[in-house]
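What follows is the residue order along each chain.
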Amino acid sequence: HLPGLFGFAIPHADLAVDFFFLLSGWVMAYSYEARIGQGMPAPAFILQRMARLYPLYIVCLALAFLVFLSKMWFGKGDGIAELRCVVPNALMLPCLFNDGLGFPLNQPGWTIFVEVVLNVLWYCAVRQGLRSLGWKMAIHLLSCICLWSMAISMDRYLHGFNNSDLLEGMLRGVLGFSGGLLLFQCRQDARILLYFAALTALALAAIGLHGGADRVAPLALTVMGVLPMLIWLCARWRPALLEGRVSAFLGDISYAVYLLHIPLSLLLQKPLRLAFPGTDLLSVLLKAGVFGFVLIIASSLSYRLLEMPARRWLVQRYGRRPVVLGQVTPT
């Protein structure tokens, strides 16, 4: 998202989104599946999710809105397309008023929209008893077939951030989320890695047979093979690097890092360019270092002063008592 700031772009960095959806499926299964199966009411579930996601989301949207207003004030762009998207984006909905980005004020918002939709659908499925390994595997397999059929036919990986490709983003979400659910349920069974390896081989074979989709092959290997295997192995072996305070801290602030980096880059892009002009390696490292430091500080403050206090307040205000992990709490 920051080539304008650093002077270069990382190829296929957007695959981090697929990693996010995989992790989301794992974490949601760990945090909520048993509780939903035991009868966790829908209002309690929705309150927990909105209390976690919405406070920072709306603050970041407001920050981006102010940046675009200031640019309009100083005559640097009209910003009309962005400003008319404030209301639908504030409701966590894509803006259908334009032909471009669904969330122009803060581009990562499209993944949060997909996440919320998947959370609601998954809650309904679990409450209906559709939580067996067979159901999860069927949904994952179907989404895999649909996604890679589209990717091969278009000779590119799927997007999701534009209004014209919302379905693509939803497919990426379903594939990743259902994959995370599978990985969590089979976290003690290494045979799940054979399942992902088989799907990877089939995807690569389909790409080879189709021809002309060679650019998609490395992405299929990453999304279907490397990322699921990485999550399963890390969860099984639990390396010390992932068990320490630094990793816990980075996990705490990760949501803020994700949502704050676009508004913060809008604020800091020009000052950093003036302070460290040029695109040589030293200038890039200095810009990246300063921006990363500011982003981590801002994200830490967000987690401690906004996200957690807001979450506690919302749950206490609108629920009978805070929902504790592993406990079903009525509302």
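Residues numbered from 1 in each chain as written. Predicted model: local features only at pLDDT ≥ 70, side-chain atom pairs only at ≥ 80, totals over all residues. Heavy atoms only, no water.

All right, on to unusual backbone geometry then. Of note, Met 92 is a non-glycine position whose phi angle comes to about 65 degrees, a positive value. Looking at where Met 92 falls in the secondary structure, it is placed in the loop between helix H5 (86-90) and helix H6 (109-127). Phi angles above zero are rare outside glycine, and Arg 238 is one such case at about 45 degrees. (Helix = DSSP H or I, 4+ residues; strand = E, 2+ residues; numbered from the N terminus.)

Topologically, Val 120 is positioned in helix H6. By relative accessible area, Val 120 is classed as partly exposed at 39%. The spatial distance from the C-alpha of Val 120 to the C-alpha of Arg 49 is 9.7 Å, given a sequence separation of 71 residues. (Buried < 20%, exposed > 50% of the residue type's maximum accessible area, 1.4 Å probe, protein only.)

As for its position among the elements, Asp 165 is in the loop between helix H7 (133-154) and helix H8 (166-185). Put simply, Asp 165 is tucked away with no salt bridge, and the nearest opposite charge, on Arg 156, sits 5.2 Å away. Only 3.0 Å separates the side chain of Asp 165 from the backbone nitrogen of Gly 160, close enough to count as a polar contact. Beyond its immediate sequence surroundings of up to four residues, Asp 165 is in contact with His 159 and Gly 160. (Lys, Arg positive; Asp, Glu negative; His and termini not counted. Salt bridge = Lys/Arg side-chain N within 4 Å of Asp/Glu carboxyl O. Polar contact = N/O pair within 3.5 Å; in protein donor to acceptor, adjacent residues only side chain to side chain. Contact = heavy atoms within 4.5 Å.)

This part takes up empty space enclosed by the protein. In the structure shown here, the tally under the stated rule is 2 cavities of 30 Å³ or more. Approximately 60 Å³ is the volume attributed to the largest cavity. Taken together, Asp 18, Leu 22, His 140, Tyr 157, Arg 172, Leu 175, Gly 176, Phe 196, Val 223, Met 224 and Pro 228 form the lining of the largest cavity. Those elements that place two or more of their residues in the lining of the largest cavity are helix H2 (15-37), H8 and helix H10 (217-237). (1 Å grid on protein atoms, 1.4 Å probe; cavity = no way out; pocket = protein on both sides within 12 Å on 5 of 7 lines; lining within 4 Å. Points joined across faces, edges and corners; volume = space filled by probe spheres on them.)

The subject of this paragraph is the confidence of the model for the protein chain. Predicted coordinates in areas of low pLDDT are best not read in detail. In this model, the protein chain carries an average pLDDT of 89, and 93% of its residues clear a pLDDT of 70 or more. Residue range residues 322-331 is modelled with pLDDT below 50. Its contacts to residues more than four positions away, or to other chains, number 29 contacts. (pLDDT = per-residue confidence, 0-100.)

Aromatic ring pairs are defined here through the distance separating the ring centres and the angle between the ring planes. For the structure on display, the rule yields 14 aromatic pairs. Both rings, one in Tyr 32 and one in Phe 45, keep their centres 5.3 Å apart while their planes meet at 90 degrees; by these two values the pair is edge-to-face. One end of the pair, Tyr 32, is in helix H2; the other, Phe 45, is in helix H3 (residues 42-73), and 13 residues separate them in sequence. The same class applies to Tyr 32 as to Phe 45, namely buried. In textbook terms, an aromatic cluster arises when at least three aromatic residues are bridged by ring pairs, as seen for Tyr 32, Phe 45, Trp 122, Tyr 123 and Phe 177. Positioned over the ring face of Phe 184 is Arg 187, at 4.0 Å from the centre of the ring. One cation-aromatic arrangement involves Arg 317 over Tyr 318; the distance from NZ or CZ to the ring centre is 5.0 Å. (Phe/Tyr/Trp six-rings, centres within 6.5 Å; stacked < 30°, edge-to-face > 60°. Lys NZ or Arg CZ within 6 Å of the ring centre and 35° of its normal.)

With that settled, the discussion passes to H6. Across its 19 residues, H6 extends 27 Å between first and last C-alpha, which sits within 8% of the 27 Å expected from 1.5 Å per residue. Just downstream of H6, Gly 129 is the residue with a positive phi angle, here 85 degrees. (Expected span 1.5 Å × (residues − 1).)

Covalent bonding between the sulfur atoms of two cysteines is what defines a disulfide. This model, assessed by the stated rule, comprises 1 disulfide. Linked covalently through their sulfurs, Cys 85 and Cys 95 form a disulfide whose S-S length is 2.1 Å. Residues Cys 85 and Cys 95 are joined by a disulfide whose S-S torsion is about -65 degrees; by sign, that bridge is left-handed. Residue Cys 85 is found in the loop between helix H4 (80-83) and H5, and its partner Cys 95 is found in the loop between H5 and H6; the two are separated by 10 residues along the sequence. Its relative accessible area of 0% is what places Cys 85 among the buried residues. Between Cys 186, a cysteine without a disulfide, and Cys 144, which holds the nearest cysteine sulfur, the sulfur-to-sulfur distance is 16 Å. (Disulfide = S-S within 2.5 Å.)

A word on the pattern of salt bridges. Summed over the entire model, instances satisfying the criterion amount to 7 salt bridges. Across the salt bridge formed by Arg 172 and Asp 18, the nearest N and O atoms sit 2.8 Å from each other. Of this pair, Arg 172 sits in helix H8 while Asp 18 sits in helix H2, and the two are 154 residues apart along the sequence. Each member of the pair, Arg 172 as well as Asp 18, carries the same accessibility label: buried. Lys 136 is the salt-bridge partner of Glu 33, the closest N and O atoms lying 2.9 Å from each other. Residue Glu 33 is found in helix H2, and its partner Lys 136 is found in helix H7; the two are separated by 103 residues along the sequence. Each member of the pair Glu 33 and Lys 136 is classed as buried.

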